[in-house]
Amino acid sequence: MEFPIFQFPYLGTGMVIALDAVLHVIISHGLAIGAVLFIVISEYLGLKRASRDWEDFSRDFLKFTIIITTGIGAVTGVGIWFIPSALSPRGIGSMLRVFFWPWFIEWMVFTCEVIFILAYYFTWGKWQGEKKRRHVFLGVAYLSFAFISATLITGILGFMLTSDGWPWDRGFWSAFLNPSYTPQLFLRISAGLSIGALFSSAFLLFTRRDSAFRQEALGFFAKAAIISFSATILFTWWYFTVIPSAFKTHAIFAVLTSRLSQEPQIFWYANAGGVLLLFVTAMVSFGGSWRGPAVLAKVLIIPALLAAMTFVTEFERIREFIRGPYLMPGYMYANQVLISETPLLKKVGMLKNDLWFSHAPGNQEAAVQGAYLFARNCSTCHTIGGINDIAERVKGRTEDGIFVLLGHTSDMVPFMPPFSGTEDERRTLAGFLYELSKGTVKLHDPSRLVPLTGDENHG
């Protein structure tokens, strides 16, 4: 089945997916797993120690957490399905054929998560006395479903980078239990606990004035943060040991610009500084738990939270970027062209038998053909007039120069897919990009359904 291609204006396809995914990962890992775990533990401590402070803190923190998770978290979670389905339909369709049942089960698990977290919140204060212990178990039940959800999704996410034997045997278990499955699962859980400990400390520092309770709770969260930070570093190292060496070289390029990547020490200094900030914040918080008011911890906690969320963004960026030029290594390129169909496209071309292009108005014009070829080959990463603008990339080059570049994309830049199409189509795309760089052809609405007319301003 052929799908239409949407191009998101200015931001581009990859950036739109990334923004939604990163925000969702921070909330789903840091709050839905990490923070809720500490809420359940806090409630248990309140029950065990007959402490009203622990009870009130956990109740108030749950209210904050549930607003974020069921509001922004749920919306961005649905967005992870909706946005890639619109912008990368062949990729989503292919993964659904491999992971139909895990995805179906995950939807059921997610539904159970929502039911249990709402039940956990709305029964708070009503289940007292003998029922209080059951209420703690209600929180544990929610966490169980949250961890099951993480185990299911991790199989799919790991497959996108280390599909390993699946391209050859096409077996479900070789896809799901791919080489990066286990380290990535542990890494995601430890990272979630790290962010959860930081969120717990921040909520405590900015909402509680009772110094005795604040010191006691701050010490607990600081110890949890130190342990989870250490585990995250260990599992990050484990994770990158199973990544194919050909992909690892892309990691620094994924984070830095082309110019800054010539000075890779910036990457390591920035990451080392972020890690140091996290540990210093945790150690100061731990010290503040028994030495007195944790004023310095209050100053450090927001930068530490920002650093932790930056690490999540960096990890997701690297995970998405380094598998280039593939969307699914060994099976599909990032531009949704199957590796197996590339020889056929080189022989018969993209335009000749394309359903959507055949119905496009003015499809005999070179600009229309060039716009379509750009959409199919380049629009996953490049935009027209936005971030990673293709016109700026080819500006100053001749048409022949662009034609040559299009024939060696994957040779010059290893994370770029090769051009798919005939030599004539490569020439057509080169001419379109050349006119685009000169400003003699502009697309008036890049987000529309492709094929594009692309002929608003000729001459």
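Residues numbered from 1 in each chain as written. Predicted model: local features only at pLDDT ≥ 70, side-chain atom pairs only at ≥ 80, totals over all residues. Heavy atoms only, no water.

## Regarding unusual backbone geometry
Now for step 1: Following Gly-324, the chain continues to Pro-325 via a peptide bond in cis, the omega torsion being 15 degrees.
Now for step 2: Position of Pro-325 relative to the elements: it lies in the loop between α13 (295-321) and β2 (326-328). (Helix = DSSP H or I, 4+ residues; strand = E, 2+ residues; numbered from the N terminus.)

## Examining a nonpolar patch on the surface
Now for step 1: Together, Val-78, Phe-82, Leu-96, Phe-100, Trp-101, Phe-104, Ile-105, Trp-107 and Met-108 line one region of the surface with nonpolar side chains, adding up to about 910 Å² of accessible area.
Now for step 2: Among the secondary structure elements, those contributing two or more residues to the nonpolar patch are α2 (52-87) and α4 (100-122).
Now for step 3: Ranked by the residues each element gives to the nonpolar patch, the list is headed by α4, at six residues.
Now for step 4: Of the residues examined, Phe-100 reaches a relative accessible area of 45% and is grouped as partly exposed. (Patch = residues over 30% accessible without salt bridge, like charges linked within 9 Å, V, L, I, M, F, W, Y side chains within 5 Å. Areas by Shrake-Rupley, 256 points an atom, 1.4 Å probe, with all protein chains shown as cover. Salt bridge = Lys/Arg side-chain N within 4 Å of Asp/Glu carboxyl O. Buried < 20%, exposed > 50% of the residue type's maximum accessible area, 1.4 Å probe, protein only.)

## As for the layout of surface pockets
Now for step 1: Of the pockets and cavities examined, the second largest pocket occupies roughly 880 Å³.
Now for step 2: For the second largest pocket, the lining is made up of 31 residues, of which Thr-236, Phe-240, Asn-271, Phe-311 and Glu-314 are closest to its centre.
Now for step 3: If you list the elements that add at least two residues to the lining of the second largest pocket, you get α1 (13-48), α8 (181-207), α9 (211-241), α11 (251-255), α12 (265-291) and α13.
Now for step 4: Split by residue class, the lining of the second largest pocket holds 22 nonpolar, five polar and four charged. (1 Å grid on protein atoms, 1.4 Å probe; cavity = no way out; pocket = protein on both sides within 12 Å on 5 of 7 lines; lining within 4 Å. Points joined across faces, edges and corners; volume = space filled by probe spheres on them. Nonpolar A, V, L, I, M, F, W, Y, C, P; charged D, E, K, R; others polar.)

## Section: the packing of α1 against α8
Now for step 1: Here α1 crosses α8 at 70 degrees, and the two axes come no closer than 7 Å. By the angle class used here, α1 and α8 are roughly perpendicular. The handedness of the crossing between α1 and α8 is right-handed. Here Val-25, His-29, Gly-30, Leu-31, Gly-34, Ala-35, Leu-37 and Phe-38 of α1 come into contact with α8, specifically with Arg-188, Gly-192, Leu-193, Ile-195, Gly-196, Ala-197, Phe-199 and Ser-200. (Axes fitted to C-alpha atoms, helices over the stretch in contact; angles between N-to-C directions. Parallel < 35°, antiparallel > 145°, perpendicular 65-115°, else oblique. Left-handed = near helix turned anticlockwise from the far one by under 90°. Contact = heavy atoms within 4.5 Å.)

## Remarks on the confidence of the model for the protein
Detailed conclusions should not be drawn from predicted coordinates in areas where pLDDT is low.
Now for step 1: Taken as a whole, the protein shows an average pLDDT of 89; of its residues, 94% reach a score of 70 or greater.
Now for step 2: Confidence drops under a pLDDT of 50 for residues 445-459, and excluding neighbours within four residues, the segment shows 45 contacts in the predicted structure. (pLDDT = per-residue confidence, 0-100.)

## Section: the nonpolar core
Now for step 1: Counting residues in hydrophobic clusters, the biggest one holds 73 residues, and the most contacted among them are Phe-99, Tyr-120 and Leu-198.
Now for step 2: Take this core: its biggest share by element is 13 residues, from α1.
Now for step 3: Apart from the residues lying within four places of it in its own chain, the contact partners of Phe-99 are Gly-155, Ile-156, Phe-159, Phe-172, Ala-175 and Phe-176.
Now for step 4: Grouped together as the second largest cluster of nonpolar side chains are 27 residues, Phe-357, Leu-373, Phe-419 and Ala-430 included. (Core = buried A, V, L, I, M, F, W, Y, C linked by side-chain atoms within 4.5 Å.)

## Describing empty space enclosed by the protein
Now for step 1: In total, this model carries three cavities of 30 Å³ or more according to the counting rule given.
Now for step 2: Within this model, the largest cavity holds a volume of roughly 60 Å³.
Now for step 3: Its residues assigned to classes, the lining of the largest cavity comprises four nonpolar, six polar and no charged.
Now for step 4: When its volume is computed, the second largest cavity comes out at roughly 40 Å³.
Now for step 5: Ala-197, Leu-198, Ser-201, Phe-221, Ala-222, Ala-225, Thr-281, Ala-282, Ser-285 and Ile-301 together form the lining of the second largest cavity.
Now for step 6: Counted by class, the lining of the second largest cavity contains seven nonpolar, three polar and no charged residues.

## Some points on the pattern of salt bridges
Now for step 1: Taken as a whole and judged by the stated rule, the model has 16 salt bridges.
Now for step 2: In this structure, Arg-323 engages Glu-320 in a salt bridge whose closest nitrogen and oxygen atoms are separated by 3.1 Å.
Now for step 3: Among the ionic pairs, Glu-392 bridges to Lys-395, the shortest N-O distance being 3.9 Å.
Now for step 4: Assessed through its relative accessible area of 52%, Lys-395 is described here as exposed.
Now for step 5: Several salt bridges share partner residues, and in doing so they unite Arg-52, Asp-56, Arg-59, Asp-60 and Arg-208 into one network.

## Focus on the packing of aromatic side chains
Now for step 1: Applying the stated criterion across every chain, the model contains 41 aromatic pairs.
Now for step 2: On the basis of an interplanar angle of 90 degrees and a centroid distance of 6.2 Å, the ring pair of Trp-54 and Phe-220 is categorised as edge-to-face. In this pair, Trp-54 sits in helix α2 while Phe-220 sits in helix α9, placing the two residues 166 residues apart along the sequence.
Now for step 3: Ring geometry for Tyr-121 and Phe-122: centres 5.0 Å apart, planes at 80 degrees, overall edge-to-face.
Now for step 4: Residue class for Tyr-121 comes out partly exposed when judged on its relative accessible area of 25%. (Phe/Tyr/Trp six-rings, centres within 6.5 Å; stacked < 30°, edge-to-face > 60°.)

## What about the state of the cysteines?
Each disulfide consists of a covalent bond between the sulfur atoms of two cysteine residues.
Now for step 1: Applying the stated criterion across every chain, the model contains zero disulfides.
Now for step 2: Here Cys-381 stays free of any disulfide, with the sulfur of Cys-378 as its closest cysteine sulfur at 9.2 Å.
Now for step 3: On the basis of relative accessible area, Cys-381 is assigned to the partly exposed category, the value being 47%. (Disulfide = S-S within 2.5 Å.)

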